Amino acid sequence: MNKNIIKPEVLAPAGDYEALSAALRFGADAVYVGAQQFGMRTSPKNFDEITLPQAVKDAHALGKKLYLTCNVLPREPQIKELPEFLSFAESAGVDALIIADLGVFEMAKKYAPKTALHVSTQAGIVNSETAKAFYNIGAERVVLARELSFKEIAEIRAKIPADLEIECFVHGAMCVSFSGRCLISEYLTGRDPNRGDCSQPCRWKYHLYEENREGHFYPALEADGGTYLYNSRDMCMIDYIPELVKAGISSFKIEGRAKTAYYSAVATNAYRQALDAYFEGGLKDDYKTSPLIKEELEKISHREYSTGFYLGTTPGQNTSSGGYIRHYDLVALCEEETDFGGIITQRNKFYLGDEVDVLPPSGIPFVVKANKLINEYGEEVDSTPHPMQRLELHCERIIPAGSFLRVKKK
């Protein structure tokens, strides 16, 4: 094993407390979250003045880190609100602030002087000189633009200070615009993507109307389902763990602060397992990610996968649909392990006799049969139709607490 290679961290998204707990439980080295303001995701619950300090404590108790996004491009009225926010972030104990705007960066040095500063992908860093410029003013990490190849990342790594960390997205949704800097949403809906309020019009279906024939509809089809001009495929780099490590990436970042706790758990677990296997196997050039690990990433909602720009090619567009591919339904979370199986809380309906795919926090999935279901009144039932219902699941194996239960879609 090359002793000069440092094992990258697995950095997971968390849009709420449930996702935070799932990411930590399933192997994240660090999580990144947003507060109630100044983050690029306004749709999740995010964290407030009470939950953020507690989230930091939870992460630190497990030896993990928590990074806070402050990556909007603020307009003038927001500037006066930043000092209080930055001071609060430091008092909450966050391990780093993720910042895109140069003015906000300078303010953070003043109002959160003890907190590490990471430069967001929104800054569009694509060369070593820009990375070094941020380093020279205090950045400890740069999140490179998604549009770079392995070769370009390796060249940047070779030309920047050794203690300047590189973070790169390895999984999740891609943006049609360069480094996420887009105005389509604001043009069409008045919702500013650069202040965290994107309405995702890149996922919409588009048609044409002829200028002089009002009301005349002219379909221009890429596929039978319609025309998706801007709909990027999702990124998935699970097959390229050696290449990611050898490029010098310090942190493997998973996109998805607007996604569910289940999504965060599965994606985090997959990259945790793959990265650990590569290092435990001696960093061999012929390392191949286990099919079982790759299969896990098919069990979460996603668009058609691509390798982004890493291979020096474009990721391409998803032309057939604006929606998601869903092969499995999350049906329950195991609250308590028992000698008969587990106490579960329902998330979606499933039936007596179903084969249930279990993802335990240990990361090795297994399948059980729902042999018996007993509700909170001690009655045997043949299905789970009630949201958040608590039930006994009797099966042939003990289900560890914290496990996610899935059923393959019929």
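Structural data are supplied above this passage.
Residues numbered from 1 in each chain as written. Predicted model: local features only at pLDDT ≥ 70, side-chain atom pairs only at ≥ 80, totals over all residues. Heavy atoms only, no water.

**Student:** Talk me through the nonpolar core; I want residue IDs and the actual numbers.
**Tutor:** Grouped together as the largest cluster of nonpolar side chains are 98 residues, with contacts concentrated most on Leu66, Leu97, Ile241, Tyr271 and Tyr310. Residues contacting Leu66, with those up to four places away along its chain left out, are Leu20, Val31, Val33, Leu52, Ala55, Val56, Ala59, Val94, Asp95 and Ala96. Ranked by size, the runner-up nonpolar core spans 17 residues in total, among them Ala332, Ile344, Val356 and Leu393. (Core = buried A, V, L, I, M, F, W, Y, C linked by side-chain atoms within 4.5 Å. Buried < 20%, exposed > 50% of the residue type's maximum accessible area, 1.4 Å probe, protein only. Contact = heavy atoms within 4.5 Å.)

**Student:** How would you summarise the packing of helix α1 (residues 17–25) against helix α10 (residues 261–280) if you had to cite specific residues and measurements?
**Tutor:** Across the interface, α1 lies against α10 with an axial gap of 8 Å and an inter-helix angle of 15 degrees. Overall, the two elements α1 and α10 adopt an arrangement that is roughly parallel. The handedness of the crossing between α1 and α10 is right-handed. Two secondary-structure elements touch here, α1 through Glu18, Ala19, Ala22 and Ala23 and α10 through Ala261, Ser264, Ala265 and Thr268. (Axes fitted to C-alpha atoms, helices over the stretch in contact; angles between N-to-C directions. Helix = DSSP H or I, 4+ residues; strand = E, 2+ residues; numbered from the N terminus. Parallel < 35°, antiparallel > 145°, perpendicular 65-115°, else oblique. Left-handed = near helix turned anticlockwise from the far one by under 90°.)

**Student:** Which residues make up the pattern of salt bridges, and what are the values?
**Tutor:** This model, assessed by the stated rule, comprises 22 salt bridges. Close ionic contact of Glu18 with Arg347 constitutes a salt bridge, the shortest N to O distance being 3.6 Å. On the criterion of sequence distance, the pair formed by Glu18 in helix α1 and Arg347 in the loop between β14 (341–346) and β15 (355–359) is long-range, its members being 329 residues apart. For Arg347, a relative accessible area of 25% gives the class partly exposed. Residue Asp354 is joined to Lys410 by a salt bridge in which the shortest nitrogen-to-oxygen separation is 3.7 Å. One end of the pair, Asp354, is in the loop between β14 and β15; the other, Lys410, is in the segment after β20 (404–408), and 56 residues separate them in sequence. What you see here is one network of salt bridges that share partners, running through Glu9, Arg141, Glu165, Glu167 and Lys253. (Salt bridge = Lys/Arg side-chain N within 4 Å of Asp/Glu carboxyl O.)

**Student:** Any details on the packing of helix α4 (residues 82–92) against helix α5 (residues 102–111)? Residues and values, ideally.
**Tutor:** Running from amino to carboxyl end, α4 crosses α5 at an angle of 55 degrees, the nearest separation of the two axes being 9 Å. In this view, α4 runs oblique relative to α5, as classed from their interaxial angle. Our pair here, α4 against α5, has a crossing hand that is right-handed. Together, Leu82, Pro83, Leu86 and Ser87 of α4 and Val104, Met107, Ala108 and Tyr111 of α5 make up the contact between the two elements.

**Student:** Break down the pairing of strand β11 (residues 251–254) for me, with residues and values.
**Tutor:** Successive residues of a regular strand alternate their side chains across the two faces of the sheet. Here β11 shows two buried faces, one formed by Ser251 and Lys253 and the other by Phe252 and Ile254. Looking at chain direction, strand β1 (residues 9–13) and β11 are connected through three bridges and run parallel. Counted as the bridge partner of Leu11 is Lys253 from β11. Relative to β11, strand β7 (residues 165–172) is paired through four bridges, and the arrangement is parallel. Each residue of the ladder has a partner; that of Cys168, found in β11, is Phe252. (Pairing = 2+ DSSP bridges.)

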